[in-house]
Amino acid sequence: MKHVFIENTFAATCPALRVGVIQARVTNSESDPILWQLIGEEEARIAATYRLDEINKRPAIQATRKAYRSFGKDPNRYRVSSEALCRRIVKGMGIYRIDTLVDLGNLVSIRAGYSIGAFDANHIDGDSLTLGVGREGELFHGIGRGSLNIEGLPVYRDRTGGIGTPTSDEERTKISLDTRHLLLLINAYGEEMPLDETIDWTVELLQRFVAATDITTSIVSAGMASSTVPSAANSSN
């Protein structure tokens, strides 16, 4: 079982943040045709609903972009993953086919507007993740991106270092066909699709498409004192 905490200074800057946490045993597979039918239907809805210049006005995306600016990061240069996916759809490019777990997370992201972090929990170092802000020169290998400048980005860290941001996750803990233990984080900096409904729907998809078992869910809030820890720069450790 992995635990998620939010640094105090981060929580003070983003007091509305709520993180949906889902953990489960899963059986991943190559892209599922039935899942892709659902993705195609959602792509069609998004393409019919939004112009390119309207995507960043979606409440969940807009709130995440605001968080980026609060930490000094340009959200037009480092796009929120849900925004990047929706832009591909509106441009007629469609979203990437990776594998069932990743595709499922992308479906939730484009429907709900939230950035989704999906990790192979067996590759996370330690039993906890802490959400803070990326530091200058901090090493981070974005999936398919190479070295990513995460200074000023929200970043989840384990004992080794950063593993996830709303722009990209890290190669070290990425999902693969061998993933059996999933940690999925739904980052709601501002609500669009109700977070509890988003969690429930995600669980239904996990049960349907990756035979999820041993499922646990929770919500970690920046407004909960028990969910926050001192910032790394101010910690006595």
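Here, every reference points to the structure presented above.
Since we're looking at a predicted model, the values are computed, not measured. (Residues numbered from 1 in each chain as written. Predicted model: local features only at pLDDT ≥ 70, side-chain atom pairs only at ≥ 80, totals over all residues. Heavy atoms only, no water.)

### Remarks on helix 5 (residues 100–112)
Here is step 1 of the chain: For helix 5, which comprises 13 residues, the first-to-last C-alpha distance of 18 Å matches the rise-based estimate of 18 Å (1.5 Å per residue) to within 8%.
Here is step 2 of the chain: Taking burial as the measure, the 13 residues of helix 5 include 11 buried ones, the bulk of the element.
Here is step 3 of the chain: Among the residues of helix 5, those classed as buried are T100, L101, D103, L104, G105, N106, L107, V108, S109, I110 and A112.
Here is step 4 of the chain: Looking at the buried residues of helix 5, the elements they touch are helix 2 (33–49), helix 3 (59–70), helix 4 (81–90), strand 3 (115–120), strand 9 (181–188) and helix 6 (195–210).
Here is step 5 of the chain: In this structure D99 caps helix 5, since a side-chain oxygen of it lies 3.2 Å from the backbone nitrogen of L101.
Here is step 6 of the chain: Where helix 5 ends, the next residue or the one after it, G113, has phi of about 90°, a positive value. (Helix = DSSP H or I, 4+ residues; strand = E, 2+ residues; numbered from the N terminus. Expected span 1.5 Å × (residues − 1). Buried < 20%, exposed > 50% of the residue type's maximum accessible area, 1.4 Å probe, protein only. Contact = heavy atoms within 4.5 Å. Polar contact = N/O pair within 3.5 Å; in protein donor to acceptor, adjacent residues only side chain to side chain.)

### Structural notes on the nonpolar core
Here is step 1 of the chain: If you look at the biggest cluster of nonpolar residues, it comprises 39 residues, and the most contacted ones within it are L182, I186 and L206.
Here is step 2 of the chain: For this core, the secondary-structure elements that each account for two or more residues are strand 2 (18–25), helix 2, helix 3, helix 4, helix 5, strand 3, strand 9 and helix 6.
Here is step 3 of the chain: Tallying contributions element by element places helix 6 first for this core, with 8 residues.
Here is step 4 of the chain: Ignoring any residue separated from it by four or fewer positions in sequence, one finds L206 in contact with I22, L101, L104, L182, A211 and A212.
Here is step 5 of the chain: Core analysis: the next-biggest nonpolar cluster, separate from the first, contains 23 residues, I6, A121, I124 and V220 among them. (Core = buried A, V, L, I, M, F, W, Y, C linked by side-chain atoms within 4.5 Å.)

### What about unusual backbone geometry?
Here is step 1 of the chain: Of note in this structure, A211 is not a glycine but carries a positive phi near 50°.
Here is step 2 of the chain: Relative to the elements of secondary structure, A211 occurs in the loop between helix 6 and strand 10 (213–221).
Here is step 3 of the chain: Residue classification places A211 among the partly exposed positions, given a relative accessible area of 47%.
Here is step 4 of the chain: Phi angles above zero are rare outside glycine, and D214 is one such case at about 50°.

### Some remarks on the sheet that holds strand 3
Here is step 1 of the chain: Here we have 4 strands laid out as an open sheet, ordered 3-9-2-10, and antiparallel in their pairing. Either end of the sheet is taken by a strand with one partner, and the two such strands are strand 3 and strand 10. Between one strand and the next, the sheet's axes are offset by a mean angle of 15°, whatever the strand orientation.
Here is step 2 of the chain: Bridge count between strand 2 and strand 10: 7 bridges; the pairing is antiparallel. In the strand pairing of strand 10, V21 is matched with S218.
Here is step 3 of the chain: This element, helix 6, spans strand 2, strand 9 and strand 10 of the sheet and lies at about 20° to strand 2. (Pairing = 2+ DSSP bridges. Axes fitted to C-alpha atoms, helices over the stretch in contact; angles between N-to-C directions.)

### Here we look at the pairing of strand 4 (residues 128–133)
Each regular strand carries side chains that alternate between the two faces of the sheet.
Here is step 1 of the chain: Here strand 1 (residues 3–7) runs beside strand 4; their pairing, made up of 4 bridges, is parallel. Across the sheet, residue V4 finds its bridge partner in strand 4, namely L129.
Here is step 2 of the chain: Sheet topology note: the strand 4/strand 7 (residues 154–157) ladder contains 4 bridges and is antiparallel. Bridge pairing links V133 to P154 in strand 7.

### Some thoughts on the packing of aromatic side chains
Here is step 1 of the chain: Tallied over the entire structure, the rule returns 2 aromatic pairs.
Here is step 2 of the chain: Ring geometry for F10 and F71: centres 4.9 Å apart, planes at 25°, overall stacked. Separated by 61 residues along the polypeptide, F10 in helix 1 (residues 8–13) and F71 in the loop between helix 3 and helix 4 bring together distant segments of the chain.
Here is step 3 of the chain: Judged by its relative accessible area of 0%, F10 is buried.
Here is step 4 of the chain: The exposure class assigned to F71 is buried, which follows from its relative accessible area of 19%.
Here is step 5 of the chain: Taking the centre distance of 6.4 Å and the plane angle of 55° together, the rings of F10 and Y189 count as tilted. With F10 in helix 1 and Y189 in the loop between strand 9 and helix 6, this residue pair connects regions lying 179 residues apart in the sequence. As far as the burial class goes, F10 and Y189 line up, both buried. (Phe/Tyr/Trp six-rings, centres within 6.5 Å; stacked < 30°, edge-to-face > 60°.)

### Brief notes about the pattern of salt bridges
Here is step 1 of the chain: If you walk through the whole model with that rule in mind, you get 13 salt bridges.
Here is step 2 of the chain: One salt bridge in this structure joins R58 and E192, with 2.9 Å as the shortest N-O distance. Here R58 is found in the loop between helix 2 and helix 3, whereas its partner E192 is found in the loop between strand 9 and helix 6, with 134 residues between them in sequence.
Here is step 3 of the chain: Judged by its relative accessible area of 2%, R58 is buried.
Here is step 4 of the chain: The residue R79 makes a salt bridge to E83 at a minimum N-O spacing of 2.8 Å. (Salt bridge = Lys/Arg side-chain N within 4 Å of Asp/Glu carboxyl O.)

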